[in-house]
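Chain residues, written in single-letter form:
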Amino acid sequence: MTAGTILIAALSYAQLMLALAACMAGWRTLRGPRAQDRVLGLDTLYVTTMLLFVVTGMRIGTPFFFEAAMVIGVLAFAATVALAKFLLRGEVIE
Amino acid sequence: MRRILPHPLLTAGLTLVWMLLTSFSLGHLLLGGMIAGLAGLAFARLEPVGPQLRSPWALVRLGAVVSVDIIRSNIAVARLILFGGDRHHRRRSGFVKIPLRLQDPMPLALLAMVITATPGTAWMEHDMDSGILLLHVFDMREEDDWQSQIRDRYESLLLEAFA
Amino acid sequence: MSTPLDTLPLWIAIPVALLLIIGSTLTMLGALGLVRLNSFYDRIHAPTLGTSWGTAGIMLASMLAYSWLDGRAILHELVIGSFVMITTPITLMLLSRAALHRDRMEGNPDVPPTSAPPED
């Protein structure tokens, strides 16, 4: 068994697990039942997608996925904070 | 010196991030340093009093304690999610109120990071006036246990670090 | 199938693979908790699995592999890792405050009453 096969197996496993995680987070986002559950699901979806991008970037070997992952990370933060603020007060900017 | 560089740690950290994202070269050190210096000045306008870091050593110890706790609680929570507690112990979650001695925003923010980063405890809300923290615990065993856990393990080190 | 990582020696490939497996499994378990747990306050614990060791494991794996390949320390991933570490408490705190606020407004008996005087 060579290093290449071990890594391919680990990378495929990681991609599969993260895709599964994204599906489950998406299920919670769609299902609810309440608004805060949806926001939590969306936040988890963002984080798992970000990790999936990093793993895919590792596999293909381009740095572009990494940049995209960073953008997703920043967007996740802004989006979740705005949504939580909206739930707290009913408006985003006071 | 304090007027040009009001937040030396912040400026150094931002310069480091800049160079991590671009490359380690003299040009980027100068450019990143300049931008980080401006950011430090802007931050000083927003926040008049900087945090008074007394003992960095206490923070290092806190970091060590927390990283061990994160690994342990990761395993514990992962097992609870998979198997839902063992035979003689059913998982029960609940709220815990903890009176905190910390009052400054900076150490409180660090404590919030510590509590959130360890799975199994979630920071709910903190009342600045009474200093009471409402915590949600994933796997409750003893209420007193959590009070001493937070107060002695993390809070005392933070009190030592920031005076 | 091949990847640029084929040239890694075995003694680096094994820790990289282990870190990838640990990180992705923890993230998946966190998402599983999000689906399986019954109340919102239980569910808010689940994603922290993915944002603590899930992220850390995958970032460490990527750092290790590409530092070896390029022959110098690649620390990009530290930026994402520390960013996730810093922002997760903020989002979860705001979200749990919002949830508490909404539950109190509805008079949900499972939630402890506020210790602060009403804000507005």
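Just so you know, these numbers come straight off a predicted model, no measurement behind them. (Residues numbered from 1 in each chain as written. Chains lettered and ligands numbered in written order. Predicted model: local features only at pLDDT ≥ 70, side-chain atom pairs only at ≥ 80, totals over all residues. Heavy atoms only, no water.)

Draft legend 1. Structural context of the overall build of chain B. Looking only at helices and strands, one finds five helices and three strands in chain B. Along the chain direction, N to C, the helices and strands of chain B fall in the order α-α-α-β-α-β-β-α. Looking at chain B residue by residue over its 163 residues, the buried ones come to 39%. Sequence-distant contacts, at least 24 apart, represent 71% of the contacts inside chain B between residues at least 6 apart. (Helix = DSSP H or I, 4+ residues; strand = E, 2+ residues; numbered from the N terminus. Buried < 20%, exposed > 50% of the residue type's maximum accessible area, 1.4 Å probe, protein only. Contact = heavy atoms within 4.5 Å.)

Draft legend 2. How the structure looks around the environment of A98 of chain C. Along the chain, A98 of chain C turns up in helix α4 (residues 76-105). With residues up to four places along the chain from it excluded, the contact list for A98 of chain C reads A84, L87 and L88 of chain A.

Draft legend 3. The interface of chain C and chain A, seen in detail. Every contact between the two is made by 59 residues of chain C and, on the other side, 51 residues of chain A. Carbon and sulfur atoms supply 78% of the area that chain C and chain A bury against each other, a total of about 4600 Å² over both sides. Applying the counting criterion to the chain C and chain A interface returns one salt bridge. For R43 of chain C, the salt bridge identified is with D37 of chain A, shortest N-O distance 2.7 Å. Residue assignment for the side of chain C that touches chain A shows that the elements contributing at least two residues are α1 (10-36), α2 (40-43), α3 (47-70) and α4 of chain C. (Buried area = accessible area lost by both parts, 1.4 Å probe. Salt bridge = Lys/Arg side-chain N within 4 Å of Asp/Glu carboxyl O.)

Draft legend 4. Layout of the confidence of the model for chain C. Looking at chain C as a whole, its pLDDT mean stands at 80, while 91% of the residues score no less than 70. Mean pLDDT across the secondary structure elements of chain C bottoms out at α2 of chain C, with 83, and peaks at α1 of chain C, with 87. (pLDDT = per-residue confidence, 0-100.)

Draft legend 5. Highlighting the environment of A12 of chain B. Residue and element names in this part refer to chain B. Position of A12 relative to the elements: it lies in helix α1 (residues 8-21). On the basis of relative accessibility, which here comes to 47%, the residue A12 falls in the partly exposed class. Expressed as a C-alpha distance, the spacing of A12 and G84, which sit 72 residues apart in the sequence, is 45 Å.

Draft legend 6. Molecular detail of the nonpolar core. With 35 residues, the main nonpolar core has M50 and M58 of chain A together with L5, V16, L20 and I80 of chain C as its most contacted residues. Mapped by element, the contributors of at least two residues to this core are α1 (3-31), α2 (35-60) and α3 (64-89) of chain A together with α1, α3 and α4 of chain C. Element by element, the count of residues in this core is highest for α1 of chain A, at seven residues. Excluding residues within four positions of it along the chain, L5 of chain C makes contact with L7, L11 and M58 of chain A together with A65, Y66 and L69 of chain C. Within the second largest apolar cluster, 26 residues are counted, among which are L62, L111, V114 and A117 of chain B. (Core = buried A, V, L, I, M, F, W, Y, C linked by side-chain atoms within 4.5 Å.)

Draft legend 7. Focus on the pattern of salt bridges. Residues and elements named next belong to chain B. Inspection of every chain in the model, using the stated rule, returns three salt bridges over all chains. With a shortest N-O distance of 2.8 Å, R153 and D69 are connected by a salt bridge. Of this pair, R153 sits in helix α5 (residues 143-161) while D69 sits in helix α3 (residues 56-83), and the two are 84 residues apart along the sequence. Overall, R153 belongs to the partly exposed group, its relative accessible area being 30%. Overall, the relative accessible area of 4% leaves D69 in the buried class. Overlapping salt bridges bring together D69, R72 and R153 as one network.

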